[in-house]
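Chain and residue survey
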Amino acid sequence: MALCLGQVFSKDKTFRPRKRFEPGTQRFELYKKAQASLKSGLDLRKVVQLPEGENISDWVAVHVVDFFNRINLIYGTVSEYCSERTCPIMSGGLRYEYRWQDGGDYKKPTKLPALKYMNLLMDWIESLINNENIFPTRVGVPFPKNFQQVCKKILSRLFRVFVHVYIHHFDSICSMGAEAHINTCYKHYYYFISEFNLIDHSELEPLKEMTEKICN
């Protein structure tokens, strides 16, 4: 019998604290609008479309932060099953292996256990979305010229979390009764990146069959 989502995706299982939007800001209003559309039962293909009159960078920023929160929560739910013993390499099956590189402590692509990779990934994303020079929150402060490129990199790396969870931990997801929720989250993510061409589709190859199954 499936558990209710409130039991499965509790705040206690969040891998990182949720990033929130300040009430009263334009970003907060856009976030509320996006959440209302999600809960309304509208076609997700329409939900991701840029609302008339809104700034695309604000819309992308809201979704990048929201996907970070949601995917962070999904991985937090299965992280107890993702150890150095069970997942010694950050991978998606036998064909795909992801190595960590951040230009800091890891200047070269480095093979890591999945849990260590996820920790570094969430730290890296959190540092970016908390950086006012990249994700400005003050009214009138423009986004940097490389904002879309930064978001593409974030979304590309978040996709790897879906790959690992679907391929290595999907049995655990199903045993919790959370399959439908994660499928919906992935569909939302997939339609958004497709709508704004935010990921090279060759990078989506590891979940090609899954994507065709649930997104078409």
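This text follows the structure it describes.
Small disclaimer: the values here were computed from a predicted structure and weren't measured.

Analysis parameters
- Residues numbered from 1 in each chain as written.
- Predicted model: local features only at pLDDT ≥ 70, side-chain atom pairs only at ≥ 80, totals over all residues.
- Heavy atoms only, no water.
- Phe/Tyr/Trp six-rings, centres within 6.5 Å; stacked < 30°, edge-to-face > 60°.
- Helix = DSSP H or I, 4+ residues; strand = E, 2+ residues; numbered from the N terminus.
- Buried < 20%, exposed > 50% of the residue type's maximum accessible area, 1.4 Å probe, protein only.
- Lys NZ or Arg CZ within 6 Å of the ring centre and 35° of its normal.
- Axes fitted to C-alpha atoms, helices over the stretch in contact; angles between N-to-C directions.
- Parallel < 35°, antiparallel > 145°, perpendicular 65-115°, else oblique.
- Left-handed = near helix turned anticlockwise from the far one by under 90°.
- Contact = heavy atoms within 4.5 Å.
- Nonpolar A, V, L, I, M, F, W, Y, C, P; charged D, E, K, R; others polar.

1. Regarding the packing of aromatic side chains
- Using the criterion set out here, one finds 17 aromatic pairs in the structure.
- Aromatic pair Trp100 and Tyr117: ring centres 5.2 Å apart, planes at 85°, arrangement edge-to-face. One end of the pair, Trp100, is in the loop between β2 (96–97) and α5 (114–129); the other, Tyr117, is in helix α5, with 17 residues separating them in the sequence.
- A ring pair is formed by Tyr166 and Phe170, whose centres lie 5.3 Å apart and whose planes are at 40°; its orientation type is tilted.
- Owing to a relative accessible area of 6%, Tyr166 belongs among the buried residues under this scheme.
- Grouping aromatic residues by their ring pairs yields a cluster made of Phe67, Phe159, Phe162, Tyr166, Phe170, Tyr186, Tyr189, Tyr190, Tyr191, Phe192 and Phe196.
- In this arrangement the basic side chain of Arg157 is found over the ring face of Trp100, its NZ or CZ atom lying 4.3 Å from the centre.
- Across from the ring centre of Trp124, 4.5 Å away, lies the NZ or CZ of Arg157, which sits over that ring.

2. Considering the packing of helix α4 (residues 56–78) against helix α8 (residues 179–195)
- At their nearest, the axes of α4 and α8 sit 11 Å apart, and the two run at 155° to each other. The orientation of α4 with respect to α8, classified from their angle, is roughly antiparallel. Between α4 and α8 lies a crossing of left-handed hand. Contact residues: α4 offers Trp59, Val60, His63, Asp66, Phe67, Arg70, Ile71 and Ile74, while α8 offers Ile182, Cys185, His188, Tyr189 and Phe192.
- Among the residues forming the contact of α4 with α8, the class breakdown is nine nonpolar, two polar and two charged.

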